[in-house]
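For reference, the chains in residue letters:
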Amino acid sequence: MSFSADNAVDLDAAAGCSAVQTEQLKAVISHIDTIPTLSTVVAEVTEAIRDPQVDASRVGQIISRDQALSAKTLQLVNSAFYGFPRKINNITRAIIVMGFNKVRNLALTASVLDGFKSRDRDFDYSGLWKHSLGTAIAAEVLARNLKSSETEDAFVTGLLHDIGKLVMALHAKEAFARIRDHVKKNDVLMLNAEMELCEIDHGLVGAWLADEWKFPPKLTHAIRLHHNPDAAREYQEIIYITHVSDILCRALGIGNGGDKRIPQMSKTAWTALRLDDSIIDNCMGQIFEGLDKAKDFLELLN
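Residues numbered from 1 in each chain as written. Predicted model: local features only at pLDDT ≥ 70, side-chain atom pairs only at ≥ 80, totals over all residues. Heavy atoms only, no water.

**Side note on the overall build of the protein chain**
Item 1. Check the secondary structure of the protein chain and you find 18 helices and 0 strands.
Item 2. If you take every contact in the protein chain between residues at least 6 apart in sequence, the share linking residues at least 24 apart comes to 70%.
Item 3. Working note: accessible area of the protein chain is about 13600 Å², and carbon and sulfur atoms make up 47% of it. (Helix = DSSP H or I, 4+ residues; strand = E, 2+ residues; numbered from the N terminus. Contact = heavy atoms within 4.5 Å. Areas by Shrake-Rupley, 256 points an atom, 1.4 Å probe, with all protein chains shown as cover.)

Written out as C-alpha cells, the structure reads:
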C-alpha cells in the first residue's frame, strides 16, 4: 500500500490536530513509501459487528477466510494469558466464549503484529513491543479493577498506543534517527524531541495510520491522545486508562518506550478514574503475572 501527502487524513477535528501539525504530518507521510497492509478481514469484522443482528457464525466465517490470521488469532485465544481449561479450536467458538469485540481485537492484534516484523538494527523493537504489551496488560488490569466498561477494548488500545513510533522507525527513518539522537544527547522524552524537531508526535502519526486502517474511532482517539488526555472531548475513559497504563509501565521499567524519562501523570485522568495508591498497588502484581502468561503475544513478533 502506497501513500502520498494527499492521503493524509483530516484529524483536525477528530484528534486535536492544528493546521501546522497537519502540514508536518503530510511532510512525514510524503517520505513514507509503503505501510504494512492490514488484513481486510479486520475491517469487515468491525463493520459486521455493528449489526445487532449478526451472529457468531457469520463473524467466524469472515475471520476464517484468512487462514493465517485465523490461526494466529486462535493462538492468542488459547494462550496462557486467558487460561481457558480446554482448547478452543475454531473462531466461532472463541466468539461465543469471549464476545465479538474481544475476538475482533485479537484478530486486529495478530494482523498488526504480523505487519510490523521488519527490523532496523538501530532501534530496540523488542523493547518497544514489550513496553506496549506491558501497557496492554496494565490497561486491561486497570480497567478490570475499576470495573470499567472499557475492559474489552483496553488491551488492544494499550498494545497499539505507540504504533506511531513503529511507523516512523520503519518508514521515516531519517527523521526518526534525528529524534533518537536528540533524545540520547539531551535526555528528554521522545515526545518532546518529536515536537521540537518535527512539530508532530508519534500519537498523531499513529492516529493517521489507525484511520487509514479504519480502526474504530475509540482506538484512533486513544492512540492520538495518550500523551495529552486533557484534550479529550470524547472516549475519555479509554484515553485516561491508556495514559495511566503507559506511565505505570514506564515507572515499572517494563520494556523500552524510546527514552529514559517518565511522562507526567495527568491530574485530570487520575481524578476522573478515581485512582489512589491502593488501586495502583493492587494492579502491579497482576501486571507482572499477566506478562508471565503473555509469551504467545511476543512469539508472534519473532
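**Observations concerning the packing of aromatic side chains**
The description of two aromatic rings rests on the distance between their centres and on the angle between their planes.
Item 1. Within the structure shown, the criterion is met by 5 aromatic pairs.
Item 2. On the numbers, 5.5 Å between centres and 50° between planes, the contact of Phe81 with Phe155 is tilted. Of this pair, Phe81 sits in the loop between α5 (67-77) and α6 (91-98) while Phe155 sits in helix α9 (residues 151-160), and the two are 74 residues apart along the sequence. Each member of the pair, Phe81 as well as Phe155, is classed as buried.
Item 3. Within the aromatic cluster, the residues linked to one another by ring pairs are Phe81, Tyr82 and Phe155. (Phe/Tyr/Trp six-rings, centres within 6.5 Å; stacked < 30°, edge-to-face > 60°. Buried < 20%, exposed > 50% of the residue type's maximum accessible area, 1.4 Å probe, protein only.)

**Some details on the packing of helix α3 (residues 40-48) against helix α7 (residues 100-115)**
Item 1. Remark: α3 packs on α7, axes separated minimally by 9 Å, with the N-to-C direction vectors making an angle of 160°. Accordingly, the angle class assigned to the pair α3 and α7 is roughly antiparallel. Considering the relative orientation of α3 and α7, their crossing is left-handed. Here Val42, Val45 and Thr46 of α3 come into contact with α7, specifically with Arg104, Ala107, Leu108 and Ser111. (Axes fitted to C-alpha atoms, helices over the stretch in contact; angles between N-to-C directions. Parallel < 35°, antiparallel > 145°, perpendicular 65-115°, else oblique. Left-handed = near helix turned anticlockwise from the far one by under 90°.)

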